[in-house]
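Residue-level listing of the chains:
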There are 2 protein chains.
Amino acid sequence: MAQVRIRLTIEYDGTDFLGWQIQPDSRTVQGEIEDVLRQLCSRKVPIIGSGRTDRGVHALGQVAHTDVNDDELERVSSGLPAMLPDDIAVTAVEVAENTFHARYDAVSRLYRYRVEKEKHPLRCRYCHDLPPSRHPDTGAMKRAAQLSCGENSWKAMAKEGGSNTDWIVSVMEAEVSEDKAGWTFLIRANRFLRGMVRLWVGTLLHVGSGAEDPELIPRLLQTEDRNGAGTSVPGKGLTLMEVVYI
Amino acid sequence: MAQVRIRLTIEYDGTDFLGWQIQPDSRTVQGEIEDVLRQLCSRKVPIIGSGRTDRGVHALGQVAHTDVNDDELERVSSGLPAMLPDDIAVTAVEVAENTFHARYDAVSRLYRYRVEKEKHPLRCRYCHDLPPSRHPDTGAMKRAAQLSCGENSWKAMAKEGGSNTDWIVSVMEAEVSEDKAGWTFLIRANRFLRGMVRLWVGTLLHVGSGAEDPELIPRLLQTEDRNGAGTSVPGKGLTLMEVVYI
């Protein structure tokens, strides 16, 4: 019986999950998908995601891989999208190269963060919002975003704890745009450290408040000093947009 | 100390509420607003809404009224919008005529129901979705919607139970439109019976499936026969859009 490697593209509303990664007694995205795969294949079918997303963080283009027996392929392709709960969708099940690895083969990930100018209850699960008195200066944030690009240590804008010792991140794209309703922050990098996007956005908002100049960003990247960074923004405004492979 | 009647315009995401109407030991929209008013005024300040919305139903333009003492007005106007949880917003606090009544003075309410052609986890709290095999015929639904207008008994498309004995509803506007992603159902009436919009949409989808012709609607209105109606659609796709006053 031959094994087939499959690649899953996954959307989810992170509100009611403790995050991506499977954990006992908690509702997680990986856990829900593996539950359905277990029902479809009558065995444990572990999946490997491109990376974790934290509690409350959403995804439009998460990617994962797994192996199924060739006689399970048809059942998984049609059954998995149909059997998932409302807040998870598998939008593509594709046969991949046997060596494809959702985590190690990813060359970049793109995250979006959204801040609204007013409170909108029907969007409250997907955006952070700021009262008029705290609306930031877009020009300063744009400049600070530009200064975020390149290869640097992001230790100052990563959550402490965990076993990580490598803080070097290559940011390929970092931009802020303003529209009538709010601000969109986009950041593409080869990898992301824990809490990095939320601390980056918090730091940009701090710059946008006028409390610091845009050069705060290169200063943090150089000094690796966590005390200088802004306050982390809530996870609910964050969405993993896409994972790019070679 | 003079009393001032105020009119509140309210938005909410109904997902995490048991509905509008206050109930002991349950999270309701009215209950949350009255909790904040009690904190602001140090007394019970009951509010009266234009009507109830069911569990999971959203609102962009719910209206309610209440009376406050004139020395509380400033505190309520600024404090109420600021102190509500993320999933409720009071978008306007206006001084109204002393005789203004949010329920009795309303001449029409407009509801919207949304059905998507695909599952979208990031919209799953606000839409019903149908797999391709169940996509309805828009033309038949448009015709059935037209036949819904006028003054009729809606007993066949109302939930049983409760003390209601008056089933006459005047529907001023009823339409279905299709776009790339799905269908929007709009219905404006002088009043709505319990479960009415959800049964109406379910019946239109039944017509759209080809199981019945559009004349099912006038037949139901005439016969008052509940057995002929379609299946109620989930509350999460429903939003109270506006309440119109004289």
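Scroll up for the structure.
Computed from a prediction, not measured in an experiment: that's the story for all the values here.

Turning our eyes to something else, we now look at the relation of the copies chain B and chain A. Between chain B and chain A, which share one sequence, the superposing operator has a rotation angle of 180° and an axial displacement of 0.0 Å; the RMSD is 0.0 Å. Within this description, the copies of the chain are treated as partners about a two-fold rotation axis. Counting the interface residues of chain B, we find that 100% of their copies in chain A are interface residues as well, pointing to one common contact surface.

Here we come to the pairing of strand β5 (residues 106-116) of chain B. Residues and elements named next belong to chain B. Along β5, nine of the 11 residues are buried, which leaves the element largely enclosed by surrounding structure. With seven bridges joining them, β5 and strand β10 (residues 238-245) adopt antiparallel strand pairing. Of the residues in β10, the one forming a bridge with Arg 109 is Val 243. In the sheet, β5 pairs with strand β9 (residues 182-189) via eight bridges, with the strands oriented antiparallel. Each residue of the ladder has a partner; that of Arg 112, found in β9, is Leu 186. Here β5 runs beside strand β6 (residues 128-129); their pairing, made up of two bridges, is parallel. Paired with Glu 116 across the bridge in β6 is Asp 129.

What follows concerns the pattern of salt bridges. The tally for this structure, following the rule as stated, stands at 36 salt bridges over all chains. In this structure, Asp 13 of chain A engages Arg 125 of chain B in a salt bridge whose closest nitrogen and oxygen atoms are separated by 3.0 Å. Of this pair, Asp 13 of chain A sits in the loop between β1 (3-12) and α1 (29-41) while Arg 125 of chain B sits in the loop between β5 and β6, each in a different chain. For Arg 125 of chain B, a relative accessible area of 7% corresponds to the buried category. In this structure, Arg 226 of chain A and Glu 160 of chain A form a salt bridge, with 3.4 Å as the shortest nitrogen-oxygen distance. Taken together, the positions of Arg 226 of chain A in the loop between α5 (216-223) and β10 (238-245) and Glu 160 of chain A in the loop between β7 (150-153) and β8 (168-178) put the pair 66 residues apart, joining distant regions of the chain. Arg 226 of chain A gets classed as partly exposed once you look at its relative accessible area, which sits at 24%. Of the residues examined, Glu 160 of chain A reaches a relative accessible area of 58% and is grouped as exposed.

Calculation rules
- Residues numbered from 1 in each chain as written.
- Chains lettered and ligands numbered in written order.
- Predicted model: local features only at pLDDT ≥ 70, side-chain atom pairs only at ≥ 80, totals over all residues.
- Heavy atoms only, no water.
- Least-squares fit on C-alpha atoms with pLDDT ≥ 70 in both.
- Contact = heavy atoms within 4.5 Å.
- Buried < 20%, exposed > 50% of the residue type's maximum accessible area, 1.4 Å probe, protein only.
- Helix = DSSP H or I, 4+ residues; strand = E, 2+ residues; numbered from the N terminus.
- Pairing = 2+ DSSP bridges.
- Salt bridge = Lys/Arg side-chain N within 4 Å of Asp/Glu carboxyl O.

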